[in-house]
Amino acid sequence: MSMPSFNVGILGATGAVGQTFIRLLEDHPWFTVTALAASERSAGKPYREAANWLSGKRMPDAVAELEVTTTEPSEMDCDFVFSGLSSSVAGDVEKAFAEAGFPVISNAKNYRMQEDVPLLIPEVNADHARLVENQDWGSDGFIVTNPNCSTVGLVCALRPLVDAFGVEKVQVTMLQALSGAGYPGVSSLDALGNVIPYIGGEEDKLATEPRKILGQLENGEIRPADMVVSAQCNRVPVRQGHLACISVACTEPVNVTDVTDALESYRSPLTSEDLPSVPDAFLRVMDEVDAPQPLRHVKNGNGMTVSIGRIQECPVNHVKFVALSHNTIRGAAGGAVLNAELLARDGYLSA
Ligand SMILES: NC(=O)C1=CN([C@@H]2O[C@H](COP(=O)(O)OP(=O)(O)OC[C@H]3O[C@@H](n4cnc5c(N)ncnc54)[C@H](OP(=O)(O)O)[C@@H]3O)[C@@H](O)[C@H]2O)C=CC1
Ligand SMILES: N[C@@H](CC(=O)OP(=O)(O)O)C(=O)O
């Protein structure tokens, strides 16, 4: 597809998600990073000094010498911004960018549940992008969000079951990686050899976000999906990858064969010919008895594939299974890049 080249800025460029944006955008065919912003602590420094680079791969030369600015719209020379900002500041900063006319493609939680803001996973609810037409920031700007990193894996796994059978009840127990808490995140003495059965605010997001994402857009508004989700969230000593242990009751009785067939036969409505960051496999159903595992399988589809396994009958609901997703790629920066690709293809972004 022929597409103009867009100059992009990254808000929160020094954080765990901001750094993932930089890695994913290094050779992007449509997007070039031209502006980086973070807190006063980082502003004024070249990126190589401001960021504590976490990846084993080298920092891209193209950003190493870029000067990090503050998060003032007038400081950012670009066509749109990605936001990997701490939620403590994302509310005010993203609003200021939208009011200044920037499209804002955000990871932060602040605007996810606002009714005119799309909560987007392109393979799941691309039509919800149209909600941006309802936004009025007094400019051409708008905000699009991607879901909480645990919500993403859950919803991708549920999409085929919702389509095939309808889903009424979901129980999910999350085992969440340390990188989900950002950098430096959880202290080593709390994390090592331990499980913390609490992640602030997370269980509520898993109860509400899937209902919006899987809801129907009707007359410019989303009618939330009629399902109930009960979640328990645990921090585990894993670097990358959120593992979801999911039990589902559908609107009709289903068995392991029905669910396996629905998951295996599901075809994403988008391919990499449509958008560059779409993985070859949206879902990968694994039949090894001990898969998926974060250490071995989190990079399936370059971190954009959701890996599913352990599909079994459930004596409480109908079926249970496990889903693994990469929290800083599919669950954050990679999902946001895909959102921007969708918005570019559909004419919502201008270069
Ligand atoms: N990690 C994950 O798996 C996921 C994270 N998210 C969300 O993405 C966002 C970023 O998360 P993550 O990268 O993990 O967090 P980090 O704590 O690693 O990074 C936070 C970023 O915000 C910047 N920042 C902090 N305070 C300010 C301020 N006062 N003004 C301007 N910039 C500021 C930091 O800049 P500086 O370095 O200068 O302090 C840094 O760039 C959060 O909203 C998070 O909830 C969403 C999904 C998954
Ligand atoms: N809370 C998630 C990461 C995160 O930042 O979530 P949210 O974007 O919904 O605030 C985790 O700790 O793994």
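Residues numbered from 1 in each chain as written. Chains lettered and ligands numbered in written order. Predicted model: local features only at pLDDT ≥ 70, side-chain atom pairs only at ≥ 80, totals over all residues.

Quick look at the sheet that holds strand β14 (residues 319-325)
Alright, step 1. Spatial strand order, β10-β7-β11-β14-β13-β12: six strands in an open sheet with mixed pairing. Of all strands in the sheet, those with a lone pairing partner are β10 (228-235) and β12 (283-285), marking the two edges. Across the sheet, the mean angle from the axis of one strand to that of its neighbour is 20°, orientation sign disregarded.
Alright, step 2. Relative to β14, strand β13 (residues 306-313) is paired through five bridges, and the arrangement is antiparallel. Considered in β14, the bridge of Ser 307 is made with Leu 324.
Alright, step 3. In the packing of helix α8 (residues 202-213) onto the sheet, the strands contacted are β7 (167-176) and β10, and the crossing angle to β10 comes to about 145°. (Pairing = 2+ DSSP bridges. Helix = DSSP H or I, 4+ residues; strand = E, 2+ residues; numbered from the N terminus. Axes fitted to C-alpha atoms, helices over the stretch in contact; angles between N-to-C directions. Contact = placed C-beta atoms within 7 Å.)

What to know about the site of ligand 2
Alright, step 1. The immediate surroundings of ligand 2 are formed by Ser 87, Asn 107, Lys 109, Asn 148, Cys 149, Gln 176, Gly 180, Ala 181, Ile 199, Glu 202, Lys 205 and Asn 327.
Alright, step 2. Taken together, the residues that form the shell around ligand 2 break down as three nonpolar, six polar and three charged.
Alright, step 3. Looking at which domains feed residues into the shell around ligand 2, each of domain 1 (6-148 + 332-345) and domain 2 (149-326) gives three or more. (Near = placed C-beta within 6 Å. Nonpolar A, V, L, I, M, F, W, Y, C, P; charged D, E, K, R; others polar. Domains from an automatic or database assignment.)

Section: the site of ligand 1
Alright, step 1. Taken together, 30 residues lie around ligand 1, and Gly 15, Val 17, Ala 38, Ser 39 and Gly 182 are the ones closest in.
Alright, step 2. The set of elements that each furnish at least two residues to the shell around ligand 1 consists of α1 (16-25), α4 (87-99) and α11 (329-345).
Alright, step 3. Grouping the constituent residues of the shell around ligand 1 by class yields 11 nonpolar, 17 polar and two charged.
Alright, step 4. Two domains each put at least three residues into the shell around ligand 1: domain 1 (6-148 + 332-345) and domain 2 (149-326).

Some thoughts on the domain arrangement of the protein chain
Interfaces are frequently sized by the accessible area removed from exposure as the parts join.
Alright, step 1. Parsing the protein chain into structural domains produces domain 1 (6-148 + 332-345) and domain 2 (149-326).
Alright, step 2. Placing a centre on the C-alpha atoms of domain 1 and another on those of domain 2 gives a separation of 24 Å.
Alright, step 3. In this assembly, 32 residues from domain 1 lie in contact with 30 residues from domain 2.
Alright, step 4. Of all the secondary structure elements, the ones that give two or more residues to the side of domain 1 that touches domain 2 are α5 (122-125) and α11.
Alright, step 5. Of all the elements, α11 adds the most residues to the side of domain 1 that touches domain 2, at eight residues.
Alright, step 6. Of the residues belonging to the side of domain 1 that touches domain 2, the class tally is 15 nonpolar, nine polar and eight charged.

Thoughts on the packing of α1 against α11
Alright, step 1. Contact pair α1 / α11: the axes reach a minimum separation of 9 Å and the direction vectors enclose 50°. The angle between α1 and α11 falls in the class oblique. When you trace α1 past α11, the crossing you get is right-handed. Where α1 abuts α11, its residues Val 17, Thr 20, Phe 21, Leu 24 and Leu 25 lie against Ile 329, Ala 332, Ala 333, Gly 334 and Val 337. (Parallel < 35°, antiparallel > 145°, perpendicular 65-115°, else oblique. Left-handed = near helix turned anticlockwise from the far one by under 90°.)

Here we look at the environment of Leu 270
Alright, step 1. Checked against the element boundaries, Leu 270 lands in the loop between α9 (256-265) and β12.
Alright, step 2. The buried category is assigned to Leu 270, around which 20 C-beta atoms lie within 10 Å.
Alright, step 3. When neighbours within four sequence positions are excluded, Leu 270 is seen to be in contact with Pro 122, Glu 123, Leu 275 and Val 278. (Buried ≥ 20, exposed ≤ 12 C-beta atoms within 10 Å, placed from the backbone.)

Points about the environment of Tyr 348
Alright, step 1. By the secondary structure assignment, Tyr 348 is in the segment after α11.
Alright, step 2. As a C-alpha pair, Tyr 348 and Glu 133 span 215 residues in sequence and 9.3 Å in three-dimensional space.
Alright, step 3. Apart from residues lying up to four places away in sequence, Tyr 348 is in contact with Pro 103, Ala 129, Val 132 and Leu 343.

A few points about the environment of Gly 101
Alright, step 1. Relative to the elements of secondary structure, Gly 101 occurs in the loop between α4 and β5 (103-106).
Alright, step 2. Its 14 C-beta neighbours within 10 Å are what place Gly 101 among the partly exposed residues.
Alright, step 3. The spacing of Gly 101 and Pro 276 is 175 residues in sequence and 26 Å in space, taken between C-alpha atoms.

Describing the sheet that holds β5
Alright, step 1. Spatial strand order, β3-β2-β1-β4-β5-β6: six strands in an open sheet with parallel pairing. Of all the strands in the sheet, just β3 (68-69) and β6 (142-145) have a single pairing partner and so form its edges.
Alright, step 2. Note: strand β1 (residues 6-11) against strand β4 (residues 80-83), four bridges, orientation parallel. Note that in β4 the partner of Ile 10 across the bridge is Phe 82.
Alright, step 3. Contacting β1, β2 (31-37) and β4, α1 runs over the sheet at an angle of about 160° to β1.

Structural notes on the UniProt feature "domain: Semialdehyde dehydrogenase NAD-binding" (unreviewed entry) in the protein chain
Alright, step 1. When the UniProt feature table is mapped onto this chain numbering, "domain: Semialdehyde dehydrogenase NAD-binding" (unreviewed entry) sits at residues 7-132.
Alright, step 2. End C-alpha atoms of residues 7-132 are separated by 21 Å, and the span's content is 28% helix alongside 17% strand. (UniProt positions renumbered as here; feature names shortened; annotations may be inferred.)

A look at the pairing of β1
Alright, step 1. Pairing of β1 with β2 involves six bridges; the strand directions are parallel. Residue pairing across strands places Ile 10 opposite Leu 36, the latter belonging to β2.
Alright, step 2. Assessed by its sense of winding, the connection that carries the chain from β1 through α1 to β2 is right-handed. (Right-handed = clockwise from strand over helix to strand, strands pointing away.)

Overview of α4
Alright, step 1. Here α4 is 13 residues long and its end C-alpha atoms lie 18 Å apart, about the 18 Å a rise of 1.5 Å per residue gives.
Alright, step 2. All of the buried residues in α4 are Ala 90, Val 93, Glu 94, Phe 97 and Ala 98.
Alright, step 3. On its buried side, α4 packs onto β1, β4, β5 and β6.
Alright, step 4. At the C-terminal side of α4, Gly 101 shows a positive phi close to 100°. (Expected span 1.5 Å × (residues − 1).)

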